[in-house]
Amino acid sequence: MHARRLTSLSALVLLLGGCGRKDAALDRPELRPPIPVEELRFSDAGTHLAGADWWSGFESAELSALVEQGLSDNLSVQAAFSRLEAAQAQVVQARAPLFPTVTGSAGGSQSPGGTPSLSAGVGVAYELDLWGRIRAETRVADHERQSTEADAQAAALSLSGEIARTWVSIAATRAQLSLLQEQQQANAGMTRIVRARFHNGVAREADALRQERLEVGTAEQSIAQQEALELLEHQLAVLLGRSPTEPPAVEIQALPALPPLPDAGIPVELIRRRPDVLSAEQALLAADAQVAVAITEQFPRLSFSLDLGSVGSTPEDLLTGWLTSLGVSLVAPILEGRSRRAEVHRSRAELDAAIADYGQALLVALQEVEDALAQDRLQAQRVENLTQQVLLAERTAEGLQAQYTGGLDVSYLDVLTGQTTAQQLRRDLIDARERQLLLRIQLYLALAGPVPREAARTPDSQEVGR
């Protein structure tokens, strides 16, 4: 009978909770970008539709494997998704007060020479969400969870870009080393020619010394490039969650082909997929829900409690003589030094800041796309220009060197200038092509949405102690 009374009263409490006012907060403001995004269009771009796995545009199995390994094993990404799990738990905690809390107790005592005393009890407590405070707190936690999820996706996306950039830079550095080795051999051959002319009294010793200095200087540049290569390999190892003492085996030796120019789409589509914009949007919604929480904190709280208890000397005694107590609690602020009103004011100010942050995140996203499109277009022109310069410089250097070797009246300084100019321009062209690839990666990242979830696995799906 007591159990039926408990069930009936619990149902009544739940029914009253359902009749309570759902939300006392102001209506959620409509998200309006600071500029008419619907009317905007990005500058002309390509027609390639890049997917979530944007790095597949390189058509490199090696790069795809590196990115997937990084998304799986990188410690920073694992930390970001662990924070997401914590945020998901906070949502459960925030939602828990919407349901009654049921507790049970049991105990016993025995004094020397006395009668044993046993006790048992069941308690039910429930706060009626009259003003929607608990629901507002749940919305705060849920929007913060979604913001955290967007931050985790942004971290994964950023990591994929860092891995691709490092991979491209390794290829560029190896291309520079190969070119420098070729130039060293050419310079050594020219040194032998100048030295022979000096011994034959045709050239000055200063010419031979200048040529030797060029040869030694090229060797010094090789050392610098070798240093850069080792640092890049260490960097890639850490990005993959590995020790820098055990860098991964990267086979690429030359710069890869430029991936296709992606379709920029329209700004509205960008807003719906960029993790950083989505994070700012959810932070805005969380701030709005927090205003609702602050408002409802000014209103009374109505709580119910029901306790059933029994005391006896034997277990059979506990089955009889149950005592029931029903409590109703109404708590309302009377004097609190205007702190609750100040909290509403603070929450509204935080909401205004979140609105401004959202607008700024949107503007930055649009700028990044436009900047990337402009840089990509102009860098292509620079690569084309440098390619023409390299062709002209090499023809000039080859002609001057042939005339000098053939004994014609050609100044060695002209030959040296032709050599150094052609060699430097070839190195500059590799740098320019590397930057073109890095800018293309930047464009992909500016347009990309969340990476595939099966690639960015959460920490609990990892093998422990690996």
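Treat the numbers as computed from the prediction; the structure is a model and nothing was measured. (Residues numbered from 1 in each chain as written. Predicted model: local features only at pLDDT ≥ 70, side-chain atom pairs only at ≥ 80, totals over all residues. Heavy atoms only, no water.)

A. Focus on the packing of aromatic side chains. Applying the stated rule across the entire model yields five aromatic pairs. Pairing Y404 with Y412 gives two aromatic rings, centres 5.9 Å apart and planes at 55°, and the pair type is tilted. Pair check on accessibility: Y404 and Y412 agree, each one buried. Feature note: the residues W54, W55 and Y444 constitute an aromatic cluster, connected by ring pairs. (Phe/Tyr/Trp six-rings, centres within 6.5 Å; stacked < 30°, edge-to-face > 60°. Buried < 20%, exposed > 50% of the residue type's maximum accessible area, 1.4 Å probe, protein only.)

B. Region of interest: the packing of helix α4 (residues 133–199) against helix α5 (residues 205–239). At a minimum axis distance of 8 Å, the contact between α4 and α5 shows a crossing angle of 165°. The angle between α4 and α5 places the two elements in the roughly antiparallel class. The handedness of the crossing between α4 and α5 is left-handed. (Axes fitted to C-alpha atoms, helices over the stretch in contact; angles between N-to-C directions. Helix = DSSP H or I, 4+ residues; strand = E, 2+ residues; numbered from the N terminus. Parallel < 35°, antiparallel > 145°, perpendicular 65-115°, else oblique. Left-handed = near helix turned anticlockwise from the far one by under 90°.)

C. Just the sheet that holds strand β1 (residues 101–109), in detail. Taken together, four strands build an open sheet; the order of strands is β1-β2-β3-β4 and the sheet is antiparallel. Two strands bound the open sheet, and with one partner strand each, they are β1 and β4 (323–331). Between one strand axis and the next, the sheet turns by 15° as a mean value, whatever way the strands run. Both β1 and strand β2 (residues 117–128) contribute to a ladder of nine bridges, which runs antiparallel. Among the inter-strand pairings, S109 is bridged to a residue of β2, identified as S117. (Pairing = 2+ DSSP bridges.)

D. Just the pattern of salt bridges, in detail. The tally for this structure, following the rule as stated, stands at 19 salt bridges. Between R210 and D207 there is a salt bridge, and its shortest N-O distance comes to 3.2 Å. In this pair, R210 and D207 both sit in helix α5, three residues apart, roughly one turn of the helix. Residues R346 and E350 are paired through a salt bridge, measuring 3.7 Å at the closest nitrogen-oxygen approach. You can see R346 and its partner E350 sitting in helix α8 (residues 339–405), four residues apart, about one turn around the helix. Residues participating in the shared-partner salt-bridge network are E127, R133 and E137. (Salt bridge = Lys/Arg side-chain N within 4 Å of Asp/Glu carboxyl O.)

E. Quick look at α5. In this model, α5 (35 residues) spans 51 Å end to end at C-alpha, consistent with the 51 Å of a helix rising 1.5 Å per residue. Here α5 has its buried residues at D207, A208, Q211, L214, T218, S222, L229, L232, L236, A237 and L239. Close packing links the buried residues of α5 with α2 (61–73), α4 and α9 (412–447). Of the residues one or two after α5, G241 is the one with positive phi, at around 75°. (Expected span 1.5 Å × (residues − 1). Contact = heavy atoms within 4.5 Å.)

F. Spatial organisation of the nonpolar core. Among the nonpolar cores identified, the biggest contains 40 residues, and W54, F58, I163 and W167 are the most heavily contacted of them. Broken down by secondary-structure element, the contributors of at least two residues to this core are α2, α3 (75–95), α4, α5 and α9. Here this core gets 14 residues from one element, more than from any other, and that element is α4. When sequence neighbours within four positions are dropped, the list of residues in contact with W167 reads F58, S60, E62, L63, L66, V250, I252 and P256. By size, the runner-up hydrophobic cluster in this structure holds 27 residues, among which are A287, I295, A361 and A365. (Core = buried A, V, L, I, M, F, W, Y, C linked by side-chain atoms within 4.5 Å.)

G. Here's a closer look at the pairing of β4. With zero of its nine residues buried, β4 lies for the most part at the surface. Both strand β3 (residues 301–312) and β4 contribute to a ladder of nine bridges, which runs antiparallel. For L302, the partnering residue across the bridge sits in β4 and is L330.

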